[in-house]
Amino acid sequence: MDSEDEKTISVRDSKKTALRNKLLTTFYQEGTKSIPDLSDSLQLSIPTITRFLEELAHAGYIIEEGEGFSSGGRRPVLYGLNPNAKFVISVDIGRFIIRIALVNLRNQFIAPVRIINEGLSSQSDILQLIKQESEDLIKQSGISNDKILGAGISLPGLIDIKTGISYSYFTAVGKPLHELFKEIFPFPVFVEHDTKAMALAELSFGLAKGKQNVLCLVLGAGVGLSMIMAGKLYKGNSGFAGEFGHIPVADNGQLCYCGKVGCLETVASGVTLIQNARNGIASGASSKITDLTNNNPEKISLDIIIKAAALGDQYAIALLSRTGESLGKGIATLLHLFNPEMIILGGELSKAGNHITDPIKQTLNQHAIARILRDTELVTTELGENATLMGTVALVINNFFTKGADFPKL
Ligand SMILES: [Zn+2]
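## Considering the coordination of the zinc ion
Around a metal, the ideal angle is 109.5 degrees if four donors adopt a tetrahedral arrangement and 90 or 180 degrees if six donors adopt an octahedral arrangement.
Stage number 1. Surrounding the zinc ion are the protein donor atoms His246 (ND1), Cys256 (SG), Cys258 (SG) and Cys263 (SG), at 2.0 to 2.4 Å.
Stage number 2. Taken together, the 4 donor atoms coordinating the zinc ion and their angles of 106 to 120° define a geometry best described as tetrahedral.
Stage number 3. In this structure Cys256 comes out as buried when scored by relative accessible area, which is 5%.

## Here's the deal with a nonpolar patch on the surface
Stage number 1. A grouping of Phe96, Ile97, Ile115 and Val271 is seen on the molecular surface, where their side chains present a nonpolar patch of about 330 Å² in accessible area.
Stage number 2. Of the residues examined, Val271 reaches a relative accessible area of 35% and is grouped as partly exposed.

## Considerations on the sheet that holds strand S2 (residues 62-67)
Backbone-to-backbone hydrogen bonds join strands into a sheet, with any given pair of strands oriented parallel or antiparallel.
Stage number 1. Strand order in this open sheet of 3 strands is S1-S3-S2, and the pairing throughout is antiparallel. Both edges of this open sheet fall to strand S1 (33-34) and S2, since each of them pairs with a single strand only.
Stage number 2. Where S1 lies against strand S3 (residues 77-81), 2 bridges are found, and the strand directions are antiparallel. Within S3, the position partnered with Lys33 by the bridge is Tyr79.

## Structural notes on the domain arrangement of the chain
Stage number 1. Annotation of the chain at the domain level lists domain 1 (3-81), domain 2 (87-200 + 388-403) and domain 3 (209-382).
Stage number 2. Summarising the inter-unit geometry, the C-alpha centres of domain 1 and domain 3 are found 43 Å apart.

## Concerning the layout of surface pockets
One way to see where empty space is left: roll a probe the size of a water molecule over the atoms.
Stage number 1. Put simply, the second largest pocket is a space of about 240 Å³.
Stage number 2. As for the second largest pocket, its lining consists of 14 residues, and the residues nearest its centre are Ile159, Asp160, Ile161, Gly164 and Val191.
Stage number 3. Residue assignment for the lining of the second largest pocket shows that the elements contributing at least two residues are helix H5 (177-182) and strand S8 (189-193).
Stage number 4. Among the elements that make up the lining of the second largest pocket, the one with the highest residue count is S8 (3 residues).

## Examining the side chain of Thr392
Stage number 1. Structurally, the position occupied by Thr392 is in helix H14 (residues 387-403).
Stage number 2. Here Thr392 is in contact with Ser90, Gly152, Ile153, Ser154 and Ala197, once residues within four sequence places are set aside.

## Focus: the sheet that holds strand S7 (residues 148-155)
Stage number 1. Here 5 strands make up an open sheet; going across it, the order is S6-S5-S4-S7-S8 and the pairing mixed. The two strands at the open ends of the sheet, each matched to only one other strand, are strand S6 (114-116) and S8. On average, adjacent strands in this sheet sit at an angle of 15° to one another, irrespective of strand direction.
Stage number 2. Pairing of strand S4 (residues 87-93) with S7 involves 6 bridges; the strand directions are parallel. Its bridge partner being in S7, Val91 is matched across the sheet by Ile153.
Stage number 3. Together, S4, strand S5 (98-104), S6 and S7 form the strand contacts of helix H4 (residues 126-140), whose direction differs from that of S5 by roughly 30°.
Stage number 4. Lying on the sheet, helix H6 (residues 194-205) is in contact with S4, S7 and S8; it crosses S8 at an angle near 100°.

## Section: unusual backbone geometry
A negative phi holds for most residues other than glycine; trans holds for most peptide bonds.
Stage number 1. A positive phi is found at Gln43, a non-glycine position, where the angle reads about 55°.
Stage number 2. With respect to the secondary-structure elements, Gln43 resides in the loop between helix H2 (35-42) and helix H3 (46-58).
Stage number 3. Among the residues examined, Gln43 registers a relative accessible area of 69% and is labelled exposed.
Stage number 4. In this model, Phe170 sits at a positive phi of 55°, which is unusual for a non-glycine residue.
Stage number 5. Position of Phe170 relative to the elements: it lies in the loop between S7 and H5.

Reading the values: rules and limits
Residues numbered from 1 in each chain as written. Predicted model: local features only at pLDDT ≥ 70, side-chain atom pairs only at ≥ 80, totals over all residues. Heavy atoms only, no water. Donors = N, O, S within 2.8 Å, 3.2 Å for Na, K, Ca; no water. Tetrahedral: all angles 85-135°; square planar, octahedral: opposite > 155°, others 65-115°. Buried < 20%, exposed > 50% of the residue type's maximum accessible area, 1.4 Å probe, protein only. Patch = residues over 30% accessible without salt bridge, like charges linked within 9 Å, V, L, I, M, F, W, Y side chains within 5 Å. Areas by Shrake-Rupley, 256 points an atom, 1.4 Å probe, with all protein chains shown as cover. Salt bridge = Lys/Arg side-chain N within 4 Å of Asp/Glu carboxyl O. Pairing = 2+ DSSP bridges. Helix = DSSP H or I, 4+ residues; strand = E, 2+ residues; numbered from the N terminus. Domains from an automatic or database assignment. 1 Å grid on protein atoms, 1.4 Å probe; cavity = no way out; pocket = protein on both sides within 12 Å on 5 of 7 lines; lining within 4 Å. Points joined across faces, edges and corners; volume = space filled by probe spheres on them. Contact = heavy atoms within 4.5 Å. Axes fitted to C-alpha atoms, helices over the stretch in contact; angles between N-to-C directions.

Structural data, given as C-alpha cells:
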C-alpha cells in the first residue's frame with residue numbers, strides 16, 4: 001500500500017471517528033433520538049446513520065428505547081446511550097466540603113452523593129479521604145474499575161491551564177493537579193476549576209445550552225464567575241479569568257482571605273453573610289436563626305439563613321438583601337463589560353430565590369445602563385446543587401466522546 005492509499009484510509013477513518021463521536025455526543029447532550037431525527041439534525045442519510053448506530057449498539061454503547069411520536073405512519077424507534085455502559089466518578093472539592101458522585105452515561109447518580117465535611121481549608125489529608133470515600137462508593141455500587149471512564153475533579157483557586165499547577169491549594173507539593181490526583185485514582189483524571197465546571201454543565205445541558213454569551217455566577221462560600229464567550233468557555237491567558245470575587249468594591253477596609261483589602265467577597269460572599277449573621281445575633285438582633293440553630297452561633301450556615309428567610313424572618317431577609325445589593329453592584333460592572341445575553345446564578349446562595357434575586361435586580365436597575373440591562377436575562381440555575389459535579393462529568397464524557405478514537409468493546 002503506498003502512502004497515498006494510507007492517507008485516504010486515515011482520512012476515511014478520522015471521518016468515521018468524528019461521526020461516531022458526534023452521534024454519541026448528541027445522545028449524551030440531548031437524550032433519546034430516532035434515526036430520522038438524527039438524519040435531519042446531522043444532515044446524513046438514513047442508511048449511514050443506521051450503519052453507525054448498529055456499530056455502536058454492537059459495541060454496547062447504544063440501546064433501543066421504545067418508540068417516539070409519529071405525525072402519521074409507523075412510530076419511529078428511539079435510541080439512546082446505554083446508561084450502564086460506562087461510569088464517571090465526580091469529585092467537587094470546596095473549601096469546607098467535598099462531594100463525590102458516581103454517575104452513569106445518562107447523568108444519573110447511581111448512589112447518593114457522598115459528602116465529606118472537610119475541605120481545602122481543613123488540616124486533614126483530604127486526598128486520602130477522597131480516595132477512601134471514592135473506593136467505597138464504587139465498591140458499594142458493585143461497579144468494576146474498568147467500567148469507569150475517569151474521574152472529574154473540580155476545585156477553586158488559581159489553576160494554571162498551561163502547567164496544571166494550582167497556586168492556591170496543594171502548593172507545597174508543586175505538582176500539576178492531574179498528577180497529584182492520578183496517585184489516588186486508577187483511571188484517567190481530569191481537573192477543572194469549580195466555577196468553570198459549573199459553566200460547562202450549563203453549556204452542555206443547562207440554561208446556557210445553545211447560547212453564545214453567558215456569565216455563570218457561583219454564589220457559595222465565595223463569589224465565583226465563569227464566562228461563556230462566543231459559545232465557548234473563556235479561561236483567560238493562564239486560566240485565571242473570572243476572579244470576580246476579588247475585584248475591589250468595598251471601602252470597609254476588611255481583609256480578604258486572598259490577602260487584599262475590600263474585595264467583593266468581603267461584602268457579598270456566603271462566608272461574610274454567615275459572619276454578619278453571627279455578629280448581628282451576638283449584638284442582640286432578634287431572629288428565627290437563633291431558634292433554628294438552638295442558640296448555637298457555630299451552627300449558623302447559609303442553609304439556616306435561607307430557611308429563616310423563607311419563614312419570613314425579617315433579619316434573615318435583611319441580611320440576604322444586603323448581600324444581594326453588594327452582588328448587584330458587582331454584576332452591574334460585569335454587564336457593562338460583557339453585555340451578556342444571560343446571567344445564571346448558581347451556588348448555595350441562589351437557593352434563597354427572590355430573597356437574593358430581588359435585591360440584585362433592584363441594584364441593577366439603579367446602577368446598570370438600561371439598554372444593556374434590557375438585553376440580559378437574569379436566571380437561577382436549574383441544575384441545582386449538583387451543577388459543578390455534573391460539569392466535571394461532562395468534562396470526562398466529552399473528552400472520551402471527542403478524543404476516544406478507539407472505542408473499546410464492552
Ligand atoms: Zn480577595
